[in-house]
Amino acid sequence: MSDAAALPGQPRGVVVSGPATARAVNVLAPNPSAMTLDGTNTWLLSEPGSELAVVVDPGPLDEGHLGRVIETAEKLGKRVALTLLTHGHPDHAEGAGRFAELTGTAVRALDPALRLGDEGLGAGDVVSVGGLELRVVPTPGHTSDSLSFHLPADRAVLSGDTVLGRGTTIVAHPDGRLGDYLDSLRRLRSLTVDDGVHTVLPGHGPVLEDAQGVLEFYLAHRASRLAQVEAAVVSGHRTAEEVVAHVYADVDRSLWPAAELSVRAQLEYLRERGLI
């Protein structure tokens, strides 16, 4: 059995529904898989003492799950006043429209196609609901529309799929781009240095207690994979499929299609810089 404290980011361990910080409660969606880990973490956020709450990533279109999110808020004496999306992948956003119907809330996102209401989200925006403050941090790379949310009062960041609670994420090429992703990791790392962020509330997997440690791990991991891909090409593995079979030989084959997306993003990155 692994010591969680020795793993990147110091994950808390088992993923459960319930309080994660003073202002954040997780409602775990029933959609576990190799890609979604334990399922999607739907985050219910509210300022202590406030009757209003914000929901980040309602998750899949699952009536039972959406109902549990609302029930959780009601048991805490809260009313959902706003819905936010970290990005548009179905495991995070598919249920947003139905959730908006159930709660009567607007849906704010970077992608206009995902919004319900007049307001979107962008760099520098601050979302304030019932005394709760969330700062919008653009973190493209996993997807072009990926956002994170800085929760300064809890010294936490909600990372969507940019940083996972276990393992690493994919760069979903061609929408996702590796250069953007590396910049996003550096942007999040700066929050740990400049703003004292120490907790990561991820879109999947357990809460991480060492934000700086996991971001440094992610950056080192990406640099290592990029070097492996470059070496694979130099040794004659030209296509993305060939590179995946060579570099990801120790990874479960069921994950190779996802790995191929990241490899395509890495090949594009290397070509743009004249390295292959």
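Residues numbered from 1 in each chain as written. Predicted model: local features only at pLDDT ≥ 70, side-chain atom pairs only at ≥ 80, totals over all residues. Heavy atoms only, no water.

> In this structure, what is going on with the layout of surface pockets? I would like to understand it.
To find leftover empty space, a probe the size of one water molecule is rolled over the atoms. Approximately 590 Å³ is the volume attributed to the largest pocket. Together, 25 residues line the largest pocket, and Met35, Thr168, Thr169, Ile170 and Leu255 are the ones closest to its centre. Breaking the lining of the largest pocket down by element, the ones donating at least two residues are helix H5 (211-234) and helix H7 (256-272). Taken together, the residues of the lining of the largest pocket break down into 10 nonpolar, nine polar and six charged. (1 Å grid on protein atoms, 1.4 Å probe; cavity = no way out; pocket = protein on both sides within 12 Å on 5 of 7 lines; lining within 4 Å. Points joined across faces, edges and corners; volume = space filled by probe spheres on them. Helix = DSSP H or I, 4+ residues; strand = E, 2+ residues; numbered from the N terminus. Nonpolar A, V, L, I, M, F, W, Y, C, P; charged D, E, K, R; others polar.)

> Mind showing me how you'd approach the side chain of Asn31 here?
Residue placement: Asn31 occurs in the loop between strand S2 (24-28) and strand S3 (41-45). Since its relative accessible area comes to 16%, Asn31 is described here as buried. Within the structure, the side chain of Asn31 is placed 2.8 Å from the backbone nitrogen of Thr40, a separation counted as a polar contact. (Buried < 20%, exposed > 50% of the residue type's maximum accessible area, 1.4 Å probe, protein only. Polar contact = N/O pair within 3.5 Å; in protein donor to acceptor, adjacent residues only side chain to side chain.)

> Explain the packing of H5 against H7 to me, please; I cannot follow it from the model alone.
Angle between the axes and distance between the axes: these two values describe a pair of packed helices. Between H5 and H7, the least distance of the axes is 10 Å, while the angle of their chain directions is 75°. In terms of orientation, H5 lies roughly perpendicular with respect to H7. Taken together, the residues of H7 that come into contact with H5 (itself represented by Arg222, Arg225, Leu226, Val229, Glu230 and Val233) are Ser262, Gln266, Leu267, Tyr269 and Leu270. Grouping the constituent residues of the contact of H5 with H7 by class yields six nonpolar, two polar and three charged. (Axes fitted to C-alpha atoms, helices over the stretch in contact; angles between N-to-C directions. Parallel < 35°, antiparallel > 145°, perpendicular 65-115°, else oblique. Contact = heavy atoms within 4.5 Å.)

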